[in-house]
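A closer look at the structure
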Amino acid sequence: MLHQPDYKIFTNCQMCDDRSCASQTLSDQELELLSKSCNEVKFDKGDIILAEGSRTSHIVYLREGLVKEYGKNGLQDEHILQVVKPHSYLGLHSIFSDTNNHYSYAAITPVRVCFIELLVFSQFIKENGLFGYEILSSVCNDSLNNYHRFIDQHQKKIYGKVADALLYFSKVIFGKEEFELPLSRKEIAHMIGTSRESVSKQITGFEQDKIISVDGRNIQILDMERLQNISRVG
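Conventions adopted
- Residues numbered from 1 in each chain as written.
- Predicted model: local features only at pLDDT ≥ 70, side-chain atom pairs only at ≥ 80, totals over all residues.
- Heavy atoms only, no water.
- Helix = DSSP H or I, 4+ residues; strand = E, 2+ residues; numbered from the N terminus.
- Pairing = 2+ DSSP bridges.
- Axes fitted to C-alpha atoms, helices over the stretch in contact; angles between N-to-C directions.
- Salt bridge = Lys/Arg side-chain N within 4 Å of Asp/Glu carboxyl O.
- Buried < 20%, exposed > 50% of the residue type's maximum accessible area, 1.4 Å probe, protein only.

**Overview of unusual backbone geometry**
Notably, His87 is not glycine yet its phi reads approximately 70°, a positive angle. Position of His87 relative to the elements: it lies in the loop between β6 (78-84) and β7 (88-90). Phi at Lys210 takes a positive value of approximately 60°, unusual for a residue other than glycine. Within the fold, Lys210 resides in the loop between α7 (196-208) and β11 (212-215).

Have a look at this one:
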């Protein structure tokens, strides 16, 4: 659902502990300009932060929480590209293409973000080479990681796809072997291109084989080597 939050002006980017690698390249004068063009907003789980097809007026910096990046096809089926972690920017593709958002972004946990005016953000890219390099690196890394993940999924059977998803959450998103799934079974299906029933059945199969333990959305990987091998052979 769309969220109409009260905007809180974030007035001191120089003192922020959540600055991105890109913003750390900004001068004091640029940080002052950033502070004047930056609004801090909180969203609840399920709120839409940016909607696909809407006009872009701001770049969004994710300070806290997790966000899903997704698009919809002509039949309005949802396809999740990735889960976005804190200290990442949302909507960067619009800078390098046109002024429309090409994906939707929704909070999958409570989140805190900063809305940065697009004109100011674009000015930093044009005038600060190090800032531009960090932003371009971020876009390229996301594109390559998503490309390789989707290519790998296309060639795998359901057990390989679900193994990949669990490893993605364990290694990329949380960096630990015990975690709470941030997506529902249906959303995981939207991410790996299968059905909710297939995801649930395979997770149960991994649990029966003692590869993982499951308690609701809480997952603990018991045999990382076997899970990685399933991912490799697909």
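**Comments concerning the sheet that holds β11**
Strands belonging to one sheet form pairs held by backbone hydrogen bonds; the direction of such a pair is parallel or antiparallel. Reading across the sheet, the 3 strands line up as β10-β12-β11 and stay open at both edges, with antiparallel pairing between neighbours. Of all the strands in the sheet, just β10 (178-180) and β11 have a single pairing partner and so form its edges. Going across the sheet, the axis of each strand differs from the next one's by a mean of 15°, ignoring polarity. Pairing of β11 with strand β12 (residues 218-221), which is carried by 4 bridges, proceeds in the antiparallel orientation. Bridge assignment links Asp215 to a residue of β12, and that residue is Asn218.

**Comments concerning the pattern of salt bridges**
Any two side chains of opposite charge can pair, given that their charged atoms come close. Across all of its chains, the model carries 8 salt bridges by this definition. The residue Lys156 makes a salt bridge to Asp164 at a minimum N-O spacing of 2.8 Å. In terms of burial, Lys156 and Asp164 fall into one category: buried. Here the residues in one salt-bridge network are Glu40, Arg63, Glu64 and Arg112, joined through shared partners.

**Observations concerning the sheet that holds strand β3 (residues 48-50)**
A sheet is described by the order of its strands in space; here 4 strands give the open sequence β3-β8-β5-β6, paired in antiparallel fashion. Taken across any chain shown, the strands that pair with only one partner, and hence form the sheet edges, are β3 and β6. Taking each pair of neighbouring strands and ignoring which way they run, the sheet shows an average axis angle of 35°.

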